[in-house]
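# Coordinate inspection notes
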Amino acid sequence: MKTDKRKYIESHWLVFGVKGAIGLVAGLCLMLTTKTDTSYLTTIVGITMLAFAITEIMNTINRKKLQRNWGFSLAIGLVEFFIALCLLFTINLFSNEGWNIALRIPLLSVYTCIASILSVFIGFTCFEDKTDRFMWIVMGMIGCVLGLVMLAGSGLSETTHIQLFGTYLLVKGLTDLIFGIHSRNELLEKAAARSKKAKGKK
């Protein structure tokens, strides 16, 4: 079971690499920016989630052409696309900014919590490699803490909530990028080993 799941995740190495780079850049922008305009910050998050969704949907199309399992990728892409639309369209959906904030903050908080719990689950169940397991579990635990702080922090400003989400994007982006590179290297090593073995038989 672990082997099957590992192969599925390894086959996504490029997706993890691309989404990791996007998340890393977006996280740095959100954490280091001096702007406090919530519309500006929300737009960055919305565009980031849209980029995630486009990457995953393109991956879905490619996997379907190759006749690989594509259902999970499609589900992730649709969820990310839905969140992106919600964020981008609720920037000024209501004249009362309080209503806009009331929609955006729970959305980001719940997404952070669910994605982080999934990361911990994947870390415990999918990896024999201790480094990969450690990265995914730690990333998930950090995300869970950030998500819970966002959910419970009713007294925090939306700017602070978005910067907390930026911290999550930074941690997740760095982990995904490292994992993508690591997975690609492992696949290349396995391909080289198979090629060497085949030549040895000849």
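This write-up is about the structure you can find in this document. (Residues numbered from 1 in each chain as written. Predicted model: local features only at pLDDT ≥ 70, side-chain atom pairs only at ≥ 80, totals over all residues. Heavy atoms only, no water.)

Let's shift gears to the overall build of the protein. Looking only at helices and strands, the protein has seven helices and zero strands in total. Burial analysis of the protein (202 residues in total) assigns 41% to the buried set. Taking all contacts inside the protein whose residues are at least 6 apart in sequence as the whole, residues at least 24 apart take part in 74%. A total accessible area of about 11200 Å² is found for the protein, and carbon and sulfur atoms account for 70% of it. (Helix = DSSP H or I, 4+ residues; strand = E, 2+ residues; numbered from the N terminus. Buried < 20%, exposed > 50% of the residue type's maximum accessible area, 1.4 Å probe, protein only. Contact = heavy atoms within 4.5 Å. Areas by Shrake-Rupley, 256 points an atom, 1.4 Å probe, with all protein chains shown as cover.)

All right, on to the pattern of salt bridges then. Any two side chains of opposite charge can pair, on the condition that their charged atoms come close. The tally for this structure, following the rule as stated, stands at three salt bridges. With its nearest N and O atoms 3.0 Å apart, the salt bridge here joins K19 to E56. Pair noted here: K19 is in helix α2 (residues 13-32) and E56 is in helix α3 (residues 38-65), with a separation of 37 residues, a long-range link. Note on E56: relative accessible area 3%, which makes it buried. Residue K172 pairs with D176 through a salt bridge whose shortest N-O separation is 2.7 Å. Of this pair, K172 and D176 both sit in helix α7 (residues 158-201), four residues apart, roughly one helical turn. K172 gets classed as buried once you look at its relative accessible area, which sits at 16%. Since its relative accessible area comes to 3%, D176 is described here as buried. Connected through salt bridges with shared partners, the residues K19, E56 and E80 form a single ionic network. (Salt bridge = Lys/Arg side-chain N within 4 Å of Asp/Glu carboxyl O.)

This brings us to the packing of α2 against α3. At their nearest, the axes of α2 and α3 sit 10 Å apart, and the two run at 180° to each other. The angle between α2 and α3 places the two elements in the roughly antiparallel class. From α2, V15, V18, K19, I22, G23, A26 and L30 reach across to α3, where they touch L41, I44, V45, T48, A51, F52, T55, E56 and N59. A breakdown of the residues in the contact of α2 with α3 according to their chemical character gives ten nonpolar, four polar and two charged. (Axes fitted to C-alpha atoms, helices over the stretch in contact; angles between N-to-C directions. Parallel < 35°, antiparallel > 145°, perpendicular 65-115°, else oblique. Nonpolar A, V, L, I, M, F, W, Y, C, P; charged D, E, K, R; others polar.)

Below, the discussion takes up the nonpolar core. Counting 20 residues, the largest nonpolar core has L30, V45, M49, Y111 and F165 as the members making the most contacts within it. For this core, the elements supplying multiple residues, two or more each, are α2, α3, α4 (71-89), α5 (97-126), α6 (130-152) and α7. Excluding anything up to four places from it in sequence, F165 contacts V45, M49, L108, Y111, T112 and M150. C126, M135, W136 and M139 belong to the second-largest nonpolar core, a separate cluster that totals eight residues. (Core = buried A, V, L, I, M, F, W, Y, C linked by side-chain atoms within 4.5 Å.)

Moving on: the environment of A21. Tracing the sequence through the fold places A21 in helix α2. Owing to a relative accessible area of 33%, A21 belongs among the partly exposed residues under this scheme.

One pass over the structure, following the stated rule, counts zero disulfides. Free of any disulfide, C113 has its nearest cysteine sulfur in C144, 6.3 Å distant. Since its relative accessible area comes to 11%, C113 is described here as buried. (Disulfide = S-S within 2.5 Å.)

A few words on the side chain of H161. Structurally, H161 can be placed in helix α7. In terms of polar contacts, H161 uses its side chain to reach the backbone carbonyl oxygen of M150, at 3.0 Å. Apart from residues no more than four positions distant in its own chain, H161 is found in contact with I105, M150, G153 and L156. (Polar contact = N/O pair within 3.5 Å; in protein donor to acceptor, adjacent residues only side chain to side chain.)

Coordinates in, geometry out; function isn't part of it.
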